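The chain contents come next:
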Amino acid sequence: MISAHEALQRLREGNRRFVSDDPRPEVGASRSRRRELASGQEPFAIILGCSDSRVPAEIVFDQGLGDLFVIRVAGKSVAPSQVGSVEFAADQFGTRLVVVLGHSACGAIAATLEELGRPSAEQSRNIRSIVDRIRPTVEPILSANLGASPGLLMEQAVRANIRASVDHLRHGSAILEDLIAREGLAVMGAEYALETGRVVFLEEPPRG
Ligand SMILES: [Zn+2]
């Protein structure tokens, strides 16, 4: 399995191809690749992203079958089943890079901001569970930025949500903590811009 550093390079390069509208022609979705993978997989990165139809991880990173282990949920909130999915992939396949991929104008975060401004009793219990998970990271942003424009609030809330999810993965799982300490697992936050297609990683790449 490749290192977190190398995996990050692959993602960066793939996103560069996507942004410049120059995807790999041989991107691995061929019949032969499918057959090759039938007996096992070795995804080089785990992506925890949003379900938003405009942010499919394989496409924005120009990757094919078997390359990415992707978990998508509206607002990419980190519930136990998401942590479990990351643990499973990191443990089972030896994948060494986890990317929490947020994006601009995220509807789930907009819904949370809206809910905080004007609580509604009519929301379904299931949607509320998503909003409730995002709420603690967004609330402090609202109170620290009274009077800020909705655009600025949204930007900050998206970033805070990415950071909170990264933090949760780094410190909310004994398995992941151990892999980080002993096996070079890296958990990184990244933000996708809907207009440019560009993914910006929020911190320095891991060494090694
Ligand atoms: Zn979203």
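Residues numbered from 1 in each chain as written. Predicted model: local features only at pLDDT ≥ 70, side-chain atom pairs only at ≥ 80, totals over all residues. Heavy atoms only, no water.

Enquirer: Help me understand the coordination of the zinc ion in this model?
Expert: In a perfect tetrahedron of four donors around a metal, the angles come out at 109.5 degrees. In a perfect octahedron of six, they are 90 or 180 degrees. The zinc ion binds to the protein through Cys50 (SG), His103 (NE2) and Cys106 (SG), with metal-donor distances spanning 2.1 to 2.3 Å. Mapping the donors of the zinc ion onto the primary sequence gives the spacing C-x52-H-x2-C. Of this pair, Cys50 sits in the loop between strand 1 (45-49) and helix 3 (57-60) while Cys106 sits in the loop between strand 3 (97-103) and helix 5 (107-117), and the two are 56 residues apart along the sequence. Since its relative accessible area comes to 3%, Cys106 is described here as buried. (Donors = N, O, S within 2.8 Å, 3.2 Å for Na, K, Ca; no water. Helix = DSSP H or I, 4+ residues; strand = E, 2+ residues; numbered from the N terminus. Buried < 20%, exposed > 50% of the residue type's maximum accessible area, 1.4 Å probe, protein only.)

Enquirer: In this structure, what is going on with the packing of aromatic side chains? I would like to understand it.
Expert: The geometry of two aromatic rings is summed up by the distance between their centres and the angle between their planes. Taken as a whole and judged by the stated rule, the model has three aromatic pairs. Their ring planes at 50° and their centres at 5.8 Å tell us that Phe69 and Phe93 sit as a pair that is tilted. Separated by 24 residues along the polypeptide, Phe69 in strand 2 (residues 68-72) and Phe93 in helix 4 (residues 80-93) bring together distant segments of the chain. Each of the two residues, Phe69 as well as Phe93, counts as buried. The ring centre of Phe44 lies 4.8 Å from the NZ or CZ of Arg10, which sits over that ring. (Phe/Tyr/Trp six-rings, centres within 6.5 Å; stacked < 30°, edge-to-face > 60°. Lys NZ or Arg CZ within 6 Å of the ring centre and 35° of its normal.)

Enquirer: Is there a simple way to explain helix 4 in this structure?
Expert: Given 3.6 residues per turn, any residue in an α-helix points the same way as the ones three and four places further on. Between its first and last C-alpha, helix 4 extends 20 Å over 14 residues, near the 20 Å set by a 1.5 Å rise per residue. Every buried residue of helix 4 is accounted for by Gln82, Val83, Val86, Glu87, Ala89, Ala90 and Phe93. Buried residues in helix 4 make contact with strand 1, strand 2, strand 3, helix 7 (150-171) and helix 8 (174-183). One or two steps after helix 4, the chain reaches Gly94, where phi turns positive at roughly 75°. (Expected span 1.5 Å × (residues − 1). Contact = heavy atoms within 4.5 Å.)

Enquirer: Just to check I follow, could you spell out the environment of Val86 for this structure?
Expert: The topology assignment puts Val86 in helix 4. As for Val86 and Gln41, which are separated by 45 residues in sequence, their C-alpha atoms are 15 Å apart. Setting aside residues up to four positions removed in sequence, Val86 forms contacts with Ile46, Ile71, Val98, Leu169 and Leu176.

Enquirer: Even after reading the chapter, I still don't get the sheet that holds strand 3, so can you show me in this structure?
Expert: Strand pairing in a sheet is mediated by backbone hydrogen bonds. Such pairs are either parallel or antiparallel. The mixed open sheet is built from five strands, whose spatial order is 2-1-3-4-5. The sheet is open, and its two borders are formed by strand 2 and strand 5 (199-201), each paired with just one other strand. On average, each strand axis in the sheet is inclined to that of its neighbour by 25°, with strand direction left out of account. Both strand 1 and strand 3 contribute to a ladder of four bridges, which runs parallel. Note that in strand 3 the partner of Ile46 across the bridge is Val98. Relative to the sheet, helix 4 contacts strand 1, strand 2 and strand 3, its axis offset from that of strand 2 by approximately 170°. Against the sheet, helix 7 makes contact with strand 1, strand 3 and strand 4 (186-192), and its axis sits at roughly 165° relative to strand 4, the strand it touches most. (Pairing = 2+ DSSP bridges. Axes fitted to C-alpha atoms, helices over the stretch in contact; angles between N-to-C directions.)

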